[in-house]
Amino acid sequence: MLKCAMTLDEDTNIKQKEAHFHDSRLLKRELGDRVAQSKYYWAVESQDDHFWQTVQTHASHKRVLEIGCFDGSRTVELAAIADKVFAIDVSPVAVALTLSQVQDLRLANVEVCLGDAEKLDFLDASLDVVFCAGVLHHLNVEAALREIHRVLTPRGHAIFREPLAHNPLIHLYRKLTPDARTADEHPLSVHDLRLMRKIFEYSSFDYFGMFSLFATPLRNTAMGNPVRKLLNHVDDWVFNNSVLGRYCWQVNGVLRKH
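None of the values given here were measured: they were computed from a predicted structure. Each chain has its residues counted from 1, following the order in which its sequence is written. Reporting of local features is limited, given that this is a predicted model, to residues whose pLDDT is at least 70; pairs of side-chain atoms are given and counted only at 80 or more, and all residues count toward the totals for whole chains, interfaces and linings. Side-chain numbers come from the whole structure's heavy atoms, not from hydrogens or water.

1. As for the pairing of strand β5 (residues 152-163)
Counted residue by residue, β5 has 10 buried out of 12 residues, so it is predominantly covered. Judged from the 6 bridges that link them, strand β4 (residues 127-133) and β5 form a sheet pairing that is parallel. Directly across from leucine 127, in β5, lies its bridge partner leucine 152. At this point the chain moves from β4, through helix α6 (residues 141-151), to the parallel β5, and the crossover so formed is right-handed. Sheet topology note: the β5/strand β7 (residues 250-256) ladder contains 7 bridges and is antiparallel. In the sheet register, glutamate 162 faces β7, and the bridge partner there is valine 251. Think of it in three bands: residues with accessible area under 20% of the maximum for their type are buried, residues over 50% are exposed, and the middle band is partly exposed, with areas taken using a 1.4 Å probe on protein chains only. Every helix listed is a DSSP run of H or I at least four residues long, and every strand listed is a run of E at least two residues long, numbered separately from the N terminus. If DSSP finds at least two bridges between two strands, the strands pair. Orient the strands so they point away from the viewer; a crossover is then right-handed if the path from the first strand over the helix to the second runs clockwise.

Structure representation (structure tokens):
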């Protein structure tokens, strides 16, 4: 039986700050406050679709860990196809929101608790799939990757989507909007992607968010969706399988253990 941690390391100041930030973000969201950056996520909606389709494909009839369960929407959806779903988060509010949904729906194959992605309280080789969205860049990437590798079964998959660090204009925007993120987060670098290739035996990366961001001003017009779709295709053609991919805003990754 897997063990699931119910407390976090109280001495870790960074994790406490992260938890507080995401608690506040979730509470504001529950009150209807939409983040200013949502318009840019609209431009790369195809990234989230791609990420979620990949997770569902690998999670069917498997034992799955979700790192960063947020509001629980994905946890609940996965419960219908996975044999077992474990959901952890550093945010007590996220855990409470997710647990409330799980209990309301009486999902017997889901466990939710506080958890530290850098110190996963799961047995070696006990999970088939581990996934996270926008979480790794808040962590010590190497520590988290090695923990994920440890808990995965042979041929198990890690799936993620994350922001990238190398576009100077996006970096400038981040500096101009410090309240939108925590001081300790760090978008993934080429070094981090190389580290993934070193730790895992297989890796695949897809890049999103360069030309497609120029569709943002059209999002509430009749031209918005067609232009976004076209520019997403341009991004895919130009940046995937290219060293230029590092200059995109976001990356999706699939990693596999031997």
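Now that the structure has been shown, we can carry on.
2. A look at the side chain of glutamate 147
Relative to the assigned elements, glutamate 147 resides in helix α6. What makes two residues a contact is simply this: any of their non-hydrogen atoms within 4.5 Å. Residues within four places of glutamate 147 in sequence aside, it is in contact with Ala117, Glu118, Lys119 and Leu120.

3. Here's the deal with the packing of aromatic side chains
Ring pairs shown here join Phe, Tyr and Trp side chains whose ring centres sit within 6.5 Å, with only the six-membered ring taken for Trp; geometry is labelled stacked below 30 degrees between planes, edge-to-face above 60, and tilted in between. If you walk through the whole model with that rule in mind, you get 7 aromatic pairs. Each ring, one from phenylalanine 51 and one from phenylalanine 131, has its centre 6.2 Å from the other, and the planes form 55 degrees; the classification is tilted. A residue pair is termed long-range when its members are at least 10 positions apart, and phenylalanine 51 in helix α3 (residues 45-59) and phenylalanine 131 in strand β4 qualify at 80 residues. Summarising the burial analysis for this pair, phenylalanine 51 and phenylalanine 131 share the class buried. Taken together, a centroid distance of 6.0 Å and an interplanar angle of 55 degrees make the contact between tryptophan 52 and phenylalanine 131 tilted. Pair noted here: tryptophan 52 is in helix α3 and phenylalanine 131 is in strand β4, with a separation of 79 residues, a long-range link. On the accessibility criterion, tryptophan 52 (11% relative accessible area) is buried. Take phenylalanine 131: its relative accessible area is 1%, and that puts it in the buried class. Chaining the aromatic ring pairs together yields one cluster made of Phe51, Trp52 and Phe131.

4. Describing the sheet that holds strand β3 (residues 110-114)
An order of β3-β2-β1-β4-β5-β7-β6 is seen for the 7 strands of this open sheet, with the pairing classed as mixed. The strands lining the two open edges of the sheet, one partner per strand, are β3 and β6 (202-208). Strand-to-strand, the axes of this sheet are offset by a mean angle of 15 degrees, without reference to chain direction. With 5 bridges connecting them, strand β2 (residues 84-89) and β3 associate as parallel partners. Among the inter-strand pairings, isoleucine 88 is bridged to a residue of β3, identified as cysteine 113. Between the N-to-C directions of two axes lies an angle of 0 to 180 degrees, each axis being a line fitted to C-alpha atoms and, for a helix, fitted only over the stretch in contact. The strands touched by helix α8 (residues 190-199) are β5, β6 and β7; relative to β6, the strand with the most contacts, the crossing angle is about 155 degrees.

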